[in-house]
Amino acid sequence: MSKYLDDWVLGEVFVTPGRTIDASDVMLFAGLTGDYHENHTNDEYMKNSIFGRRIAHGLLGLSISHGLMMRLNLITDNSIALLGIEDWKFNKPIFFGDTVHVKITVHEIRFSRTKLDRGVLKLFFELINQHGEVCQSGIKVLMMKRDTTTGEEK
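None of the values given here were measured: they were computed from a predicted structure.

## A short note on the packing of helix α1 (residues 23–33) against helix α4 (residues 58–70)
Argument step 1. In the contact formed by α1 and α4, the axes pass within 10 Å of each other and the chain directions differ by 105°. Relative to α4, α1 is oriented roughly perpendicular. Residues Asp-25, Val-26 and Phe-29 of α1 pack against Leu-59, Leu-60 and Ser-63 of α4.
Argument step 2. Considered class by class, the residues forming the contact of α1 with α4 number 4 nonpolar, 1 polar and 1 charged.

So this is what it looks like as structure tokens:
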């Protein structure tokens, strides 16, 4: 069972398991989105780039960060909606073969004043590679259910 908004603690930290990004991930994402940019699909083109080799799509990293959070089972039952993404930064490229994990820190908890069964949770994400480098970071904003079974308002 995932956490109700009432169960989160400001500053609380969670760390996901890791996931290795390979060529099949990138090609599946390219096919899904239609983004076949040569940065992601052409070895020869990228040999002369500032990266020296192909890189994963930035939005693939963002998507994987969300999937890794789901593996923690924190929001599976009690989330209502993803409301937004704030201040997302693409700090470093993700290379084929990189293993990434996510450090999630509870950034803000706000109970709704008009709808007592819900509120907003802001989580600060850091997508970190196997070298400890933060490749991406930013805040995901979620509408979450509150625990209404206790009969008391918090």
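There's plenty left to go through after this.
## Some thoughts on α4
Argument step 1. End to end, α4 covers 19 Å across 13 residues, agreeing with the expected 18 Å (1.5 Å per residue, within 8%).
Argument step 2. In this fold, the buried residues of α4 make contact with β2 (19–20), α1, β3 (79–90), β4 (99–111), β5 (118–128) and β6 (134–145).

## Brief notes about the environment of Thr-105
Argument step 1. Along the chain, the position of Thr-105 falls in strand β4.
Argument step 2. Residue class for Thr-105 comes out buried when judged on its relative accessible area of 19%.
Argument step 3. Put simply, Thr-105 and Gly-132 are 27 residues apart on the chain and 16 Å apart in space, counted from C-alpha to C-alpha.
Argument step 4. Once residues lying within four places of it in the same chain are set aside, the contact partners of Thr-105 are Gly-11, Glu-12, Val-13, Lys-122, Leu-123 and Phe-124.

## What to know about the environment of Ile-55
Argument step 1. Note on placement: Ile-55 falls in the loop between α3 (43–47) and α4.
Argument step 2. Its relative accessible area of 9% is what places Ile-55 among the buried residues.
Argument step 3. Separated by 93 residues in the primary sequence, Ile-55 and Thr-148 place their C-alpha atoms 46 Å from one another.
Argument step 4. Once you skip the residues sitting within four places of it in the chain, Ile-55 turns out to touch Asn-39, His-40, Pro-93, Ile-94, Phe-95 and Phe-96.

## Re unusual backbone geometry
Argument step 1. Here the phi dihedral of Asn-73 falls at roughly 60°; this positive angle occurs in a residue that is not glycine.
Argument step 2. For Asn-73, the position within the fold is in the loop between α4 and β3.
Argument step 3. Here the phi dihedral of Asp-87 falls at roughly 55°; this positive angle occurs in a residue that is not glycine.
Argument step 4. Considering the arrangement of structural elements, one finds Asp-87 in strand β3.

## Remarks on the nonpolar core
Argument step 1. With 28 residues, the main nonpolar core has Trp-8, Ile-21 and Leu-123 as its most contacted residues.
Argument step 2. Sort the elements by how many residues they give to this core and α4 lands first, with 5 residues.
Argument step 3. If we ignore the near neighbours within four places in the chain, the residues touching Ile-21 are Val-26, Ala-56, Leu-60, Ile-64, Ile-94, Phe-95, Phe-96, Gly-97, Asp-98 and Val-100.

## Side note on the pattern of salt bridges
Argument step 1. As enumerated under the stated definition, the model contains 9 salt bridges in all.
Argument step 2. A salt bridge links Arg-146 to Asp-6, with the nearest nitrogen and oxygen atoms 2.8 Å apart. Linking Arg-146 in the segment after β6 with Asp-6 in the segment before β1 (13–15), this pair joins segments that are 140 residues apart in sequence. For the residue pair Arg-146 and Asp-6, the accessibility class agrees, reading buried in each case.
Argument step 3. A single salt-bridge network, built from bridges that share partners, covers Glu-86, Glu-108, Arg-110 and Lys-122.

Scoring rules and cut-offs
- Residues numbered from 1 in each chain as written.
- Predicted model: local features only at pLDDT ≥ 70, side-chain atom pairs only at ≥ 80, totals over all residues.
- Heavy atoms only, no water.
- Axes fitted to C-alpha atoms, helices over the stretch in contact; angles between N-to-C directions.
- Helix = DSSP H or I, 4+ residues; strand = E, 2+ residues; numbered from the N terminus.
- Parallel < 35°, antiparallel > 145°, perpendicular 65-115°, else oblique.
- Contact = heavy atoms within 4.5 Å.
- Nonpolar A, V, L, I, M, F, W, Y, C, P; charged D, E, K, R; others polar.
- Expected span 1.5 Å × (residues − 1).
- Buried < 20%, exposed > 50% of the residue type's maximum accessible area, 1.4 Å probe, protein only.
- Core = buried A, V, L, I, M, F, W, Y, C linked by side-chain atoms within 4.5 Å.
- Salt bridge = Lys/Arg side-chain N within 4 Å of Asp/Glu carboxyl O.

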